[in-house]
Structures are given as C-alpha cells and as structure tokens.
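Structure at a glance
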Amino acid sequence: MSCTLVDMIRPPFAARVAAGLAATAVEELRKLPSTAVSFPVTAVSHALQTTMRVQQSVTSLAIKGDQVFDLAGCARDEQPEWAVFDDDPVSDGDDESVPDGDGEPVSDEATGQPGRFALYSLSPEETPPAATAPEVTVPEVVEYLDYPELTLAQLRARLRTLSIDELTTLLDYENATSARAPFQTMLENRISTAKAK
C-alpha cells in the first residue's frame, strides 16, 4: 500500500475529537433499542438517589442547627407529651398489659389479670392458672417435652414431630391446667391439619 503525503498528514486535534464523538454517537444509537427498555428504571433510580442525598443533606443541616441551639442554651423538652416509650409508666386509661421498664407486665386494671401480652413476657411459673383445678396426672408426652416450660415458639417447632394422639393429649393437658388461648389454638389447628392429611 502506498502512502501519499496527504495520507500522512494528521487531521487537527479538534477534527479527531469530532470524529470520535460522531463514532461514539453512532455506536450508542445502535445500542439504543436494547437500552431503551431499561431507561425508565435507570431514570427513576437516579431520581431516587438524588432525592435521598438531598434528604440526607437537609437532615444533617437540621442536626447541626439543633447543636447550635443546644450550645446557645435554648432548652428543649426532652420528651414531648405525646411520645410514649416502653419504659414509661402506663396511664390509667390503658386496659392492656404492657411491660414496664423492668420487663414486668403491668396487669389489666379492670380484671386484675395480666393482659394479652403477658404470655410473651411472663415465665411459665408466673403465668396465672385459668382456674383452680383438681390435680391432673401428667402424661408421658408432657414430661418428655417438658411441656409446661415450653414457649409458644418452642411448641410450634415441635408440633410436626408429634402424632395426633400426642397432640390430643397435650391439648387435654393444656385445657385442664393453664388453658392458655394461644397454646390451645395452636394445638387445635395442628390436630385439624394432621387429621386432614
């Protein structure tokens, strides 16, 4: 191949950049049909990122403003009236059991019994009996599972390994002793499911 003087002269830098831009534009136009599908997702993603950055900036400015006011001696209420936290005492109008700061459930004022959340916060020894019942013989499956000590989650984990007869025995024992509604419901549901199979 022969090179002439015209072929050896290099075009100016600006012309080379313009030719490179034109080639890139053509390449991008060829990709356009495949990238057009993902463009809306990309645009939304960028918009959300920008919004999050703006929110973070505004929040950091508000925190700095709070620090300025604290340094200036402007006292603020530490806790607004409407804010209620777990370690706050329960007001007289509440009728549900909510654990106090020590983790002890507050009893339902109307009945004097622990409220509906007591099953999750009381240990088995503290769970009040449903009624004074005559002595119940402890079935073998109850002793084997250490059933009175099980939490609801522990019982749920063991249900699939038990036969229908064992489940019925546990339900009868629960009804005769503690009569805890969530335990009764779980056992009844498992018995129904096992019988349906």
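The preceding data block contains the structure.
A brief look at the structure comes next. All values derive from a computational prediction rather than experimental measurement. (Residues numbered from 1 in each chain as written. Predicted model: local features only at pLDDT ≥ 70, side-chain atom pairs only at ≥ 80, totals over all residues. Heavy atoms only, no water.)

We now examine the nonpolar core. Counting 17 residues, the largest nonpolar core has Tyr147, Leu155, Leu170 and Leu187 as the members making the most contacts within it. Every residue in contact with Tyr147, bar those within four places of it in the chain, is listed here: Val142, Leu155, Leu170, Tyr173, Glu174, Arg180, Phe183 and Leu187. (Core = buried A, V, L, I, M, F, W, Y, C linked by side-chain atoms within 4.5 Å. Buried < 20%, exposed > 50% of the residue type's maximum accessible area, 1.4 Å probe, protein only. Contact = heavy atoms within 4.5 Å.)

It is worth spelling out the packing of aromatic side chains at this point. Per the counting criterion, the structure on display carries two aromatic pairs. When the ring of Tyr147 is compared with that of Tyr173, the centres are 6.0 Å apart and the planes differ by 80°; the resulting orientation is edge-to-face. A residue pair is termed long-range when its members are at least 10 positions apart, and Tyr147 in the loop between helix H5 (140-145) and helix H6 (152-158) and Tyr173 in helix H7 (residues 164-176) qualify at 26 residues. On the basis of relative accessibility, which here comes to 1%, the residue Tyr147 falls in the buried class. Tyr173 sits in the buried class, given a relative accessible area of 12%. When the centroid spacing of 6.4 Å and the interplanar angle of 85° are considered together, the rings of Tyr147 and Phe183 count as edge-to-face. (Phe/Tyr/Trp six-rings, centres within 6.5 Å; stacked < 30°, edge-to-face > 60°. Helix = DSSP H or I, 4+ residues; strand = E, 2+ residues; numbered from the N terminus.)

This part takes up the pattern of salt bridges. Under the criterion given, the structure shown has two salt bridges. In this structure, the salt-bridge partner of Glu28 is Lys31, at a minimum N-O distance of 3.8 Å. A residue pair is termed a helical-turn pair when its members lie 3 or 4 positions apart in one helix, as Glu28 and Lys31 do in helix H2 (residues 13-35) at three residues. Judged by relative accessible area, which is 44%, Glu28 ranks as partly exposed. For Lys31, a relative accessible area of 44% gives the class partly exposed. The shortest N-O distance in the salt bridge between Glu174 and Arg180 comes to 2.9 Å. In this structure Glu174 comes out as buried when scored by relative accessible area, which is 0%. Judged by its relative accessible area of 8%, Arg180 is buried. (Salt bridge = Lys/Arg side-chain N within 4 Å of Asp/Glu carboxyl O.)

Bear in mind that shape data such as this cannot, by itself, settle questions of function.
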